[in-house]
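Overview (structure and organization)
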Amino acid sequence: MGLVAAAVLAVAAAPAGAEITGITVEPGVSGGSSTPYGTGCAYTVTANAAPGEYVSFYDSQQGSFDPPWAIPVGPSGLATAIWTPHERGAHTLHAVQIGGEKSVRVQVGTGIDLGIACSVLP
């Protein structure tokens with residue numbers, strides 16, 4: 001292996017202990033269904049990881065994250081993004097970084113965004 005290739009691998013390798021240890025989705029103020037998550041409504045997703053690392057979020061179904069790029073993990077060990085599901089059904093939300101990934105599965109109903117709350121229909 002050449003010196004340049006070894007340097008690239010060393011930079012790309014995750015430091016020891018650099019892994020995501022958890023992911024959560026806050027339900028916000030939602031109601032009206034068996035699930036607290038509705039299409040078109042926004043929810044906070046949080047990943048726990050080592051401070052100084054970066055985490056990216058993605059949805060296995062139709063959903064978007066704000067911001068849509070890698071997010072730095074703060075001194076508290078948390079990285080957060082706002083998730084908006086665009087399709088009903090089962091969604092698997094992923095928090096990813098070099099060296100690890102965690103996911104959580106949530107069910108999404110039809111949402112009616114009321115501004116301060118979300119009404120979720122079955």
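Rules and cut-offs
- Counting restarts for each chain, with residues numbered from 1 along the sequence as it is written.
- Local features in this predicted model are restricted to residues whose pLDDT is 70 or higher, and side-chain atom pairs enter the listing and the counts only when it is 80 or higher, whereas totals over whole chains, interfaces and linings include all residues.
- Side-chain measures were taken over the full set of non-hydrogen atoms in the model, leaving aside hydrogen atoms and water.
- Helix and strand assignments come from DSSP, with helices taken as H or I runs of at least 4 residues and strands as E runs of at least 2, each series counted from the N terminus.
- For the purposes of these results, a polar contact is taken to be a pair of N or O atoms within 3.5 Å, where, inside protein, one atom must be able to donate a hydrogen and its partner to accept one; residues adjacent in sequence count only when each atom of the pair is a side-chain atom.
- In this description, contact between two residues means that some pair of their heavy atoms is separated by no more than 4.5 Å.
- To qualify as a nonpolar core, a set must consist of buried Ala, Val, Leu, Ile, Met, Phe, Trp, Tyr and Cys residues joined through side-chain atoms within 4.5 Å.
- Only protein chains enter the accessibility calculation, which uses a 1.4 Å probe. A residue is then buried if its area is under 20% of the maximum for its type, exposed if over 50%, and partly exposed in between.

A separate point is the side chain of Thr39. Its location among the elements puts Thr39 in the loop between strand 3 (37-38) and strand 4 (43-48). A distance of 3.0 Å separates a polar atom in the side chain of Thr39 from the backbone nitrogen of Gly111. Each residue touching Thr39, except ones within four places of it in the same chain, is listed here: Pro85, His86, Glu87, Arg88, Val108, Gly109, Thr110 and Gly111.

Residues Val25, Tyr43, Val45, Val55, Phe57, Trp83 and Leu93 are the most contacted members of the largest nonpolar core, which totals 23 residues. The set of elements that each furnish at least two residues to this core consists of strand 1 (22-25), strand 4, strand 5 (54-59), strand 8 (78-85), strand 9 (89-97), strand 10 (100-113) and strand 11 (118-121). The residues contacting Val45, other than those within four sequence positions of it, are Ile23, Thr24, Val25, Phe57, Phe65, Ala79, Thr80, Ala81, Trp83 and Leu93.

To continue, consider the environment of Val96. Mapped onto the secondary structure, Val96 falls in strand 9. Residues Val96 and Ala49 lie 47 residues apart in sequence; the distance between their C-alpha atoms is 10.0 Å. Excluding anything up to four places from it in sequence, Val96 contacts Ile20, Tyr54, Val55, Ser56, Tyr58 and Glu101.

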